[in-house]
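# Survey of secondary and tertiary structure
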There are 2 protein chains.
Amino acid sequence: MIDFYFDFISPYGYLAAMQVEDLAKKYDRKVEWHPMLLGVSVMNVMGLKPLMETPLKGPYVAADLPRLASLYNVPLSFPKHGIPKPLPPARAFCWVKEQAPERAGEFAMAVYKAQWQEGKNISEPEVLANLVQTVGLNGERLLEALESETLSLSLREKVDASIKRGVFGSPTFAVDDHMIWGCDRLWMLEHWLANKSWSSLAKVSSFPF
Amino acid sequence: MIDFYFDFISPYGYLAAMQVEDLAKKYDRKVEWHPMLLGVSVMNVMGLKPLMETPLKGPYVAADLPRLASLYNVPLSFPKHGIPKPLPPARAFCWVKEQAPERAGEFAMAVYKAQWQEGKNISEPEVLANLVQTVGLNGERLLEALESETLSLSLREKVDASIKRGVFGSPTFAVDDHMIWGCDRLWMLEHWLANKSWSSLAKVSSFPF
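Cut-off values and rules
Residues numbered from 1 in each chain as written. Chains lettered and ligands numbered in written order. Predicted model: local features only at pLDDT ≥ 70, side-chain atom pairs only at ≥ 80, totals over all residues. Heavy atoms only, no water. Axes fitted to C-alpha atoms, helices over the stretch in contact; angles between N-to-C directions. Helix = DSSP H or I, 4+ residues; strand = E, 2+ residues; numbered from the N terminus. Parallel < 35°, antiparallel > 145°, perpendicular 65-115°, else oblique. Left-handed = near helix turned anticlockwise from the far one by under 90°. Contact = heavy atoms within 4.5 Å. Nonpolar A, V, L, I, M, F, W, Y, C, P; charged D, E, K, R; others polar. Buried area = accessible area lost by both parts, 1.4 Å probe. Salt bridge = Lys/Arg side-chain N within 4 Å of Asp/Glu carboxyl O. Polar contact = N/O pair within 3.5 Å; in protein donor to acceptor, adjacent residues only side chain to side chain.

### Some points on the packing of helix 1 (residues 11-26) of chain A against helix 9 (residues 186-195) of chain A
All names here are of chain A.
- Two elements in contact, helix 1 and helix 9, have axes separated by 10 Å at closest approach and are oriented at 20°. Accordingly, the angle class assigned to the pair helix 1 and helix 9 is roughly parallel. Helix 9 is crossed by helix 1, and the crossing has right-handed handedness. Residues Gln-19, Leu-23 and Lys-26 of helix 1 form the contact with helix 9, whose participating residues are Leu-186, Leu-189, Glu-190 and Leu-193.
- Each residue belonging to the contact of helix 1 with helix 9 can be placed in one class, and the counts come to four nonpolar, one polar and two charged.

So, in C-alpha cells, the structure goes:
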C-alpha cells in the first residue's frame, strides 16, 4: 500500500497524482488516496505563508512547475480562475470515498485534471456534480451532501488524521512507515519500492540516469 | 559553470557539497562556490522559521537526513555542539576565496566535513585557522581577518547578491540560468547537465532507475 496525501489546490500534488497509480502498479502496490489541507498544515499548524505568497519561493515555484511538468510529461496549465477553494473538492472526494471507495482514486484524478488541465473551476459544486457522474455516482446527491454538516466533519477528521501522522505538504507519500514529501522525490519513492532499503543509489545504477 | 550556493549550517548543503564537484566533472563543468545565509533568506526575507523549529517539518527532516545520506553514500553525523554559528565559517570562506580562489571549493568541503563528519565546531576561529592551513593558507592571518570589518562586509555583499539572484535555500544550484533548489534534486541538475533541456525523463531512461 502507498498512502497518498494530496490537496487539490496543489499543482505539485496534481503532477504526482498523474503518476502515482502507474508507479504503484509497477511494484504491485495499491494506492490509498487521502485528502489533506495545506491551509491547515502550512498556515495553522506550521505558521508559514502560502507558497506563492512567500518571497523568493513564489517566483521559484512559478519557474519550477512548467519544467517539472515537462520532465514528467504531464500536461499542466494554469486556469484563469487561479487556485480553487480547497473545501468543496476535498469534501466531494470524502463523499466519493464513502460511497464508492474503489473509485476514489479515479475521481481524484478526474478532479485534478479538471483543474490543472481543463481549466474548470473545481470549487463550483456543479463542476463537482458532473465529475462524480463520470465515476457512476449521482450528481444531485453530491450537491445535497455538500451542504451537510456530516460531510464537513468527515473531511475535518481526515485532515486531523493527516496532521497526526505528520503530513504537511502536498504530495506526501507514506509507504512502509516511511514518509516522503514532494513531487521531486518520486525517485526516492521508487527507490524504496524497488529496494525496500535506503542503501546507496550507487548500488542500483549510476545516479540517477 | 555550476554556481553552488550553500550555508555551512545546512546538512542538506553538506550532502550536496560532497557530490557537486564529481557531478560537475562528469559533464566538464567547473563549480563556483557561493556562500548564502539561511538566517537572511529564510528568516529575514521570507519571514519563515528555522527548519528544525517548524512544527511537522522538524521531525520529517530528522528522519529524512540519515536516509538521504545513506542513499548518497555520504557519511553524516550530528555533532554534539549542534548547528554551528553561521558567520565565522562563512567569513572564513570569503577570505579563502579572496586569497586563493582556486582552493575555495576544497576549503568549503573541508569545513563541511569538519562539522558534519568529524564533530568539530566550525564556529570556533581556531578550528577554522587549522582548516585554512590544509589549503596552504596562514591560520594566523585568518584569525586577524576574522576580526576585520572588511571581511564582514565582503560576506554581506555576497549574501545580498544571493538574495538578488533569488536564492533562498541551501543547497541551490544555478546552471545556464536555471535555478535548482534542494539536495533531493541532484537528479534534476544531472538531467539538465546531460540533456540541456527539460524534455521528458521518459526519453532518457525509465524514470528514475
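### Focus: the interface of chain B and chain A
- Contact residues are listed per partner, giving 44 residues for chain B and 44 residues for chain A.
- A combined buried area of about 4,400 Å² lies between chain B and chain A, and 66% of that area is made up of carbon and sulfur atoms.
- Our count for the contact surface shared by chain B and chain A stands at four salt bridges.
- Linking chain B with chain A are 16 residue pairs in polar contact (both at pLDDT 80 or more), by the criterion used here.
- For the side of chain B that touches chain A, the element with the highest residue contribution is helix 3 (residues 57-72) of chain B, accounting for eight residues.
- Residues of the side of chain B that touches chain A, tallied by class, amount to 25 nonpolar, eleven polar and eight charged.

### Comments concerning the side chain of Asp-64 of chain B
- Within the secondary structure, Asp-64 of chain B is located in helix 3.
- One polar contact links Asp-64 of chain B to Arg-185 of chain A, side chain to side chain, over a distance of 2.6 Å.
- Of the polar contacts made by the side chain of Asp-64 of chain B, one reaches the side chain of Tyr-12 of chain B; its length is 2.5 Å.
- What Asp-64 of chain B contacts, discounting residues up to four positions off in sequence, is Arg-185 and Met-188 of chain A together with Tyr-12 of chain B.

These figures come from the coordinates and say nothing about function on their own.
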